[in-house]
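Reading the structure
Each chain, letter by letter, is given below.
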Amino acid sequence: MRLLNRSVNGLAGRISRRRRGPVAGLLVLLLGLVLTGTMYAAFSPANASRTTAQADEQLIQEGRELFLVGCSFCHGQNGEGVRSDNGQLGPSLVGVGAASVDFQVGTGRMPMQQPGQQAAVKKKAYTDEETEALAAYVASLGPGPAIPEESEYTLDGLSEDERREAVVNGGQLFLTNCSACHNFEGSGGAMPQGKVALPLRDSTEKHIYEAMITGPQQMPVFADSVLGPEDKASIIAFLESTKENPDYGGFEMGGLGPVSEGMFAWLVGIGSLVGFAYWIAAHSARSKRQETSA
Amino acid sequence: MSESVAKTNGPNAAVTKKPTRGASAVTWADDRLGLATAAKKNLRKIFPDHWSFMLGEIALWSFVILLITGVFLTFWFKPSMGEVEYMGSYAQLRGLHMSEAYASTLDISFDVRGGLLMRQMHHWSAMLFIAAMLVHMMRVFLTGAFRKPRELNWIIGGLLILLGIIEGFAGYSLPDDLLSGTGLRIADGLVKATPVLGTYMSFFMFGGEFPGDDIIPRLYMAHILLIPGLILALIAAHMLLLVYHKHTQWPGPGRTEENVVGFPMLPVYAAKAGGFFFITFGVTALMGGLMSINPVWKYGPYNPSQVTAGSQPDWYMGIAEGLLRIMPGWETSIFGVTLSWNVFIPGQLMPIILLAMVLAWPFLEAWVTGDKREHHLLQRPRNAPTRTAFLAAMITLYGLLWAAGGNDILAVIFHLNLNHITYFMRGAVFVVPILVFMLTRRWCISLQRQDNETLLHGYETGIIMRSAEGGYTERHLPISPEAAYTLTARDRDTVHEVEAGVDENGVPASGGRIAAVRARLSQAMYGHNVQKPTAQELDEGHHHAEDEHAHEIEAGLDHSADGHQFDGRHPVEGEELRSH
């Protein structure tokens, strides 16, 4: 190690001794130019001639190919929607935006396995890159909501106090706008004719935000004029903060409210107490008589 | 050897030993209160032993737990709808404006030591209180313990359940969270559905338009003073009547309508019942400590503009909720007034009819049978098939309505269609109880037949006999005299005949139409029952069994029929052949 140091010092010493030489300035200039060029070549896109527009076009083309294979049967070859004999098979995707695709495909709802009241959540069929390509293609069909940036659905810029205030506000907004379908703690709820509002506990922040701006399935669109972007972020922050809460009261029994509580009162409470009653009655008051000598 | 006995013949007279301090205190008290005389008799009071006689105790001890935990909660709860800003420890609600009632409930949950445990114990024991009353009621009903002289105690019990439900609902409404406000909104709707008077009653109740500022203080008064006072008084009456009537008992050898066979209050029942209190307390404490109930902090303060999925009442109001949910939206408009049958029938009429049916049953039964005797021996449920089937049908109806009240939860958990559940329940509440009624009745009657079989032909031994001809029969052996006594210790049902319209002199039969209804009911309720065998039938049965036995002895089958020789511990003829 010391040997290495000495040789490096020696080299530095040698360069340093010549730094005032006549060609030193020229050499430094040359070195700078070479470095700049190399760095530019290393960090700029590999194909210098390929612009971002072209990159998008390629992505859209990739998306279109995926779309034709996986989606066009229901949504039409150009995403115009398909109307079957007994109503719509798949709606038009013009103007639904990249956020819609990111939500529907990213959560495994699309492609649907079978027609039904509601697209079921299942294992994702596309990789993240493929989803991005599909989103780019659908976004190219017409203007619509874009995939939100992380800064939009998190409260990163706020101070601790502001964040706390936003969480409280988000809780009230959640109870006012969301809990009627999604339940008071996002456990999900039933909708008419077999539709459901799904539980929110396992949903990612991005997907919740996308659901609010695109209104998938039965859900209404919460436009920015109705629920501002900060309000949406507050609701998401509230949901995230409740996940951090411990189960204060103990076992939650599904977080479904009084129905499951009643069931447990009967099964656990009355069940065990009747069992104890049986146990007490089964032990009669037999006293062990001992033979006493008179 | 005590001092009071002379040990010597010395000059000093023997003196009484000075009583201990405890004994003198007790003597002091007894000289003034005279409790020993009263206690002497009652401490030796006999209670019969059976697990089903302890179900009412669960309710009693739950009520004691409710009083203890309830007193704790009153130390911190503020029954006020005054607006305050919450500054407690629950972060998701800090800084929010809410009623004092809700804020103090949050404080009890998060900032009072042991407060959440007490709240949860209070709520769980409320659920158990009403559930235990119902289970106790089922026991009394199924065993006919409501018959003379206990009809009034049956009514008191029914009132206790009703009061318990109202008390529970008042308590559910007190924290002023989103669910309690939603529940009060429904109560408001139920009151308003009263024809003509509805709106006046609602305004009187809430001191103006819903929700107003009065309802929480008013409910608080009812919840901690009025209704518990009434419940306590009725419990006292219930238990005094229990002591006065003496406890019922199962029939058996030595047990008659005039005696009670069991163990004395002290030491046996005091220990059993006292121990059961601690068990009930322990179970409630475990539930309160480990299982979350009514997490009000998640619901948020009541806001009339909010309602959440999963808004349900506590289970005992489940039938009212279910009735409301499955009721078609019928309304009538006359003279510019809307009569909301869709709320009035399920919300007011049906609960009253259901309760009245159950409370009226003892009187209906007494009228149909014409039985004026006292009954202290219990009936087995199978020996009153119609009654047992009626209760089974009522339990079914209760369960169906409770399920209908949780239709959205069922839809989510079991991936069902919400509307289909509602449509199904609309039919099921009429059809399924009737099916259950018929099934239970036939089941009971079959069990009665089985009892008679056992009496006449003995019990099944499980030993299969092969006769010389190659036929197979199962060997039956007579049951013990004690078992036979217990099985036959029941009355024969009398079925009233429908009297002919006119007698031979042309005079109409007395009683007229009412007598005919009674006779028809009597036929329907008791006509299908299987009666116990007569003494003659029993004799014949025994002779038959003896004859059979004699034949077996003749045929040399007697000793070889018990099957024990094949148990591997006895030498059997020809056994060595099996090893080849």
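Refer to the structure presented above.
Our subject in this report is the structure included herewith. Values in this document were obtained by computation on a predicted structure and should not be read as measured data. (Residues numbered from 1 in each chain as written. Chains lettered and ligands numbered in written order. Predicted model: local features only at pLDDT ≥ 70, side-chain atom pairs only at ≥ 80, totals over all residues. Heavy atoms only, no water.)

A closer look at the nonpolar core
Inclusion rule: Only buried residues count toward a nonpolar core, which is a set of Ala, Val, Leu, Ile, Met, Phe, Trp, Tyr and Cys residues joined through side-chain atoms within 4.5 Å. Exposed residues in this analysis have more than 50% of their type's maximum accessible area, buried residues have under 20%, and partly exposed residues fall in between, with area computed by a 1.4 Å probe over protein chains only. Strands here mean DSSP runs of E at least two residues long; helices mean DSSP runs of H or I at least four residues long; both are numbered from the N terminus. Source of the domain bounds: an automatic or database domain assignment. Residue contacts follow a heavy-atom distance rule, with two residues in contact if any of their heavy atoms lie within 4.5 Å.
Trp124(B), Phe129(B), Trp154(B), Ile231(B) and Phe276(B) are the most contacted members of the largest nonpolar core, which totals 82 residues. Among the elements that make up this core, the one with the highest residue count is helix H5 (residues 115–142) of chain B (15 residues). Among the domains, domain 1 (40–172 + 213–251 + 259–303) and domain 2 (380–493 + 529–561) of chain B are the pair contributing at least three residues each to this core. If we ignore the near neighbours within four places in the chain, the residues touching Phe276(B) are Leu273(A), Phe276(A), Ala277(A), Ile280(A), Met54(B), Glu57(B), Ile58(B) and Trp61(B).

Concerning the interface of chain A and chain B
Cut-off, in case you're wondering: What gets called buried area is simply the loss in accessible area from a 1.4 Å probe that two parts show on being joined, summed for both. Salt bridges are counted wherever a side-chain nitrogen of Lys or Arg sits within 4 Å of a carboxyl oxygen of Asp or Glu. Counting of polar contacts relies on pairs of N or O atoms within 3.5 Å, with two restrictions inside protein: one atom must be capable of donating a hydrogen and the other of accepting it, and residues adjacent in sequence are counted only when both atoms are side-chain atoms.
On the chain B side, the residues contacting the 53 residues of chain A number 69 residues. Interface of chain A and chain B: buried area, both sides summed, is about 4,900 Å²; carbon and sulfur atoms make up 70% of it. Per-residue buried area on chain A facing chain B is highest for Phe184(A), Trp266(A) and Leu273(A); these three make up 13% of the total on that side. Between the two partners, chain A and chain B, sit two salt bridges. Glu252(A) is the salt-bridge partner of Lys298(B), the closest N and O atoms lying 2.4 Å from each other. There are 21 residue pairs in polar contact (both at pLDDT 80 or more) connecting chain A and chain B.

Some details on the pattern of salt bridges
Any two side chains of opposite charge can pair if their charged atoms end up close together. Scanning all chains against the criterion turns up 20 salt bridges over all chains. Among the ionic pairs, Lys192(B) bridges to Glu209(B), the shortest N-O distance being 3.6 Å. Separated by 17 residues along the polypeptide, Lys192(B) in helix H7 (residues 178–192) and Glu209(B) in the loop between helix H8 (198–206) and helix H9 (215–245) bring together distant segments of the chain. Residue Arg325(B) pairs with Glu321(B) through a salt bridge whose shortest N-O separation is 2.8 Å. With Arg325(B) and Glu321(B) both in helix H12 (residues 318–326), this residue pair falls four residues apart, about one helical turn. Each of Glu185(A), Arg201(A), Glu252(A) and Lys298(B) takes part in salt bridges that share partners, so that together they form one network.

Structural notes on H8(B)
Side chains three or four residues apart in an α-helix point the same way, a direct result of the helix having 3.6 residues per turn. Residues and elements named next belong to chain B. The criterion, for reference: Think of it as the arc spanned by the lines of direction from the helix axis to the C-beta atoms.
Listed in full, the buried residues belonging to H8 are Gly198, Ser202 and Phe206. The arc enclosing the buried residues of H8, seen along the axis, measures out at 50°, which places them on a common side. Residues of H8 that are exposed and point over 90 degrees away from its buried face: Tyr200 and Phe204. The elements touched by buried residues of H8 are H7 and H9. Of the residues one or two after H8, glycine 207 is the one with positive phi, at around 65°.

What about the packing of helix H14 (residues 385–405) of chain B against helix H16 (residues 418–457) of chain B?
Residue and element names in this part refer to chain B. For clarity, the cut-off: Lines are fitted to the C-alpha atoms to define the axes, a helix being fitted only along its stretch in contact, and any angle between axes, read from their N-to-C directions, falls within 0 to 180 degrees. When describing relative orientation, an angle under 35 degrees is termed roughly parallel and one over 145 degrees roughly antiparallel, while 65 to 115 degrees is termed roughly perpendicular and anything else oblique. Rotating anticlockwise by less than a right angle from the far helix to the near helix defines a left-handed crossing, while the corresponding clockwise rotation defines a right-handed one.
At a closest axis distance of 8 Å, the pairing of H14 and H16 adopts a crossing angle of 150°. Overall, the two elements H14 and H16 adopt an arrangement that is roughly antiparallel. Regarding H14 and H16, the two cross each other, and that crossing is right-handed.

Some words on a nonpolar patch on the surface
Using the following cut-off: A patch consists of residues whose relative accessible area exceeds 30% and which take part in no salt bridge; residues with like charges are grouped when within 9 Å of each other, and nonpolar side chains (Val, Leu, Ile, Met, Phe, Trp, Tyr) when within 5 Å. Exposure was quantified through the Shrake-Rupley algorithm and a 1.4 Å probe, taking into account, for residues, occlusion by the shown protein chains and nothing else.
Judged by side-chain polarity, Met221(B), Ile224(B), Leu225(B), Leu226(B) and Leu230(B) come together as a nonpolar surface patch covering roughly 460 Å² of accessible area. With respect to the secondary-structure elements, Ile224(B) resides in helix H9.

A few points about the environment of Ser173(B)
All names here are of chain B. Tracing the backbone through its elements, the reader meets serine 173 in helix H6 (residues 151–173). Separated by 47 residues in sequence, serine 173 and tyrosine 220 place their C-alpha atoms 9.2 Å apart. Among residues more than four places away in sequence, those in contact with serine 173 are Ser180, Leu184, Ile216 and Leu219.

Digging into unusual backbone geometry
Between Lys148(B) and the following residue, Pro149(B), the backbone shows a cis peptide bond with an omega angle of 5°. Take Pro149(B): it is sitting in the loop between H5 and H6. Phi is positive for Gln193(A), which is not a glycine, with a value near 55°. Considering the arrangement of structural elements, one finds Gln193(A) in the loop between strand E3 (189–190) and strand E4 (196–197). Not every positive phi belongs to a glycine, and Phe335(B) is a case in point at roughly 50°. Positionally, Phe335(B) belongs in the loop between strand E5 (332–334) and strand E6 (337–339). Relative accessible area serves as the criterion here: at 84%, Phe335(B) is assigned to the exposed category.

Comments concerning the packing of aromatic side chains
Put simply, the test is: Aromatic pairs are defined between Phe, Tyr and Trp rings, using the six-membered ring for Trp, whenever the two ring centres lie within 6.5 Å; interplanar angles under 30 degrees are classed as stacked, those over 60 as edge-to-face, and all others as tilted. We call a charge positioned above a ring when the Lys NZ or Arg CZ atom is no farther than 6 Å from the ring centre and deviates by at most 35 degrees from the ring normal.
Inspection of every chain in the model, using the stated rule, returns 34 aromatic pairs over all chains. Between Phe174(A) and Phe238(A), the ring centres sit 5.7 Å apart and the planes meet at 40°, which makes this aromatic pair tilted. Residue Phe174(A) is found in helix H8 (residues 160–177), and its partner Phe238(A) is found in helix H11 (residues 229–244); the two are separated by 64 residues along the sequence. Of the two residues, Phe174(A) and Phe238(A), neither departs from the other in class, the shared state being buried. Through a chain of ring-to-ring contacts, three or more aromatic side chains come together here, namely Trp266(A), Trp315(B), Tyr316(B), Tyr398(B) and Trp402(B). Taking NZ or CZ as reference, Lys232(A) lies 5.9 Å from the ring centre of Tyr209(A), over its face.

Observations concerning the pairing of strand E2 (residues 87–90) of chain A
All names here are of chain A. Which entries qualify depends on this criterion: One requirement defines pairing of two strands: DSSP has to find at least two bridges between them.
Here strand E1 (residues 82–84) pairs with E2 via three bridges, running antiparallel. Paired with arginine 83 across the bridge in E2 is glutamine 88. Where E1 folds back on E2, the antiparallel hairpin that results is connected by two residues.

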